[in-house]
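Descriptive structure summary
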Amino acid sequence: MSNPTDPGAFFRDMLGQWEKMANSFGNDTMRREEFARGMQGATAATLQMQAGFKDAMEKALAAANLPTRTDVEALAKRVDAMEATLARIEAAVGAKPDVPKKPKPSRGRKPPAE
């Protein structure tokens, strides 16, 4: 069994037995077809709820005349394509893009002089 001089041995043994019983119960439950059908139903309900929420959100955003996530992603793709085209044109012409340099913050305790 366990060491009688160790006061926590009883609790460790009890916890180990409880874990074995819980694992056995969980394994038996998950093997059942009813459990699989229930999980499938819960997953389907979750997906339907997400789709309904997405549709409701799109309608609300359209009513408020605001772009949806899909609209913003499409705009981002178009902007990326335009930037790539502009970079190719600049490379063909030989122009170097202007990259403004940001001033680095000072590391001292005094406020910056104006």
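Everything discussed here concerns the structure shown above.
Throughout what follows, the structure given in this document is the object of discussion. (Residues numbered from 1 in each chain as written. Predicted model: local features only at pLDDT ≥ 70, side-chain atom pairs only at ≥ 80, totals over all residues. Heavy atoms only, no water.)

**Brief notes about the overall build of the protein**
What counts, and what does not: Secondary structure is summarised from DSSP: a helix means a run of H or I of at least four residues, a strand means a run of E of at least two, and numbering begins at the N terminus for each. Atoms counted for the radius of gyration: C-alpha only. Globule rule: 2.2 Å times residue count to the power 0.38. Buried means the residue's accessible area, taken with a 1.4 Å probe over protein chains only, is under 20% of the maximum for its type, while exposed means over 50%, and partly exposed covers the values in between. Note on areas: these come from Shrake-Rupley sampling with a 1.4 Å probe, and a residue is covered only by the protein chains present in the view. Charge assignment in this entry is limited to Lys and Arg as positive and Asp and Glu as negative, and neither His nor the chain termini are counted. By convention, charge coordinates are those of NZ in Lys, CZ in Arg, CG in Asp, or CD in Glu.
From N to C terminus, the protein includes three helices and zero strands. Along the chain direction, N to C, the helices and strands of the protein fall in the order α-α-α. Radius of gyration (C-alpha) of the protein: 31 Å, far over the 13 Å computed for a compact globule of 114 residues. Of all 114 residues assigned to the protein, the portion counted as buried reaches 4%. Summed over all atoms, the accessible surface of the protein reaches about 11200 Å², with 62% contributed by carbon and sulfur. Between the centroid of the 18 positive side chains of the protein and the centroid of its 15 negative side chains there is a distance of 9 Å.

**Considering the pattern of salt bridges**
Defined as follows: Salt bridges are counted wherever a side-chain nitrogen of Lys or Arg sits within 4 Å of a carboxyl oxygen of Asp or Glu.
All told, the structure shown has four salt bridges when counted by the stated rule. Residues Asp 6 and Arg 12 are paired through a salt bridge, measuring 2.0 Å at the closest nitrogen-oxygen approach.

**A word on the packing of aromatic side chains**
The line we're drawing: Between rings of Phe, Tyr and Trp, where Trp is taken as its six-membered ring, a pair exists when centres lie within 6.5 Å; planes separated by under 30 degrees are stacked, by over 60 edge-to-face, and by other angles tilted.
For the structure shown, the criterion picks out one aromatic pair. With a centroid separation of 5.4 Å and 70 degrees between ring planes, the pair formed by Phe 10 and Phe 11 is classed as edge-to-face. Accessibility expressed as a relative area gives 48% for Phe 10, which makes it partly exposed.

**Considering the environment of Lys 59**
Checked against the element boundaries, Lys 59 lands in helix α2 (residues 33–63). Remark: the alpha-carbon pair of Lys 59 and Trp 18, spanning 41 residues in sequence, is separated by 51 Å.

**What to know about the side chain of Thr 68**
Put simply, the test is: Only heavy atoms matter for contacts: two residues are in contact if any of them lie within 4.5 Å across the pair.
Its location among the elements puts Thr 68 in the loop between α2 and α3 (69–93). Aside from chain neighbours lying at most four places away, what touches Thr 68 is Glu 58 and Leu 61.

**So, α2**
So the rule is basically this: To estimate how far a helix should extend, the number of its residues minus one is multiplied by 1.5 Å.
In this model α2 runs 45 Å from its N-terminal to its C-terminal C-alpha over 31 residues, within 8% of the 45 Å that 1.5 Å per residue would give. Downstream of α2 by a residue or two, Asn 65 has a phi angle that is positive, lying close to 60 degrees.

**A short note on unusual backbone geometry**
Non-glycine residue Asn 65 carries a positive phi angle of around 60 degrees. For Asn 65, the location among the structural elements is in the loop between α2 and α3. Using a relative accessible area of 69% as the deciding quantity, one classes Asn 65 as exposed.

**Digging into a nonpolar patch on the surface**
Heads up, the condition is: Grouping into patches uses exposed residues only, defined as over 30% relative accessible area, and leaves out salt-bridged ones; the cut-off is 9 Å for like charges and 5 Å for nonpolar side chains (Val, Leu, Ile, Met, Phe, Trp, Tyr).
On the surface, Phe 10, Phe 11 and Met 14 cluster together into a nonpolar patch covering about 330 Å² of accessible area. Examined against the element boundaries, Phe 10 turns out to sit in helix α1 (residues 9–31).

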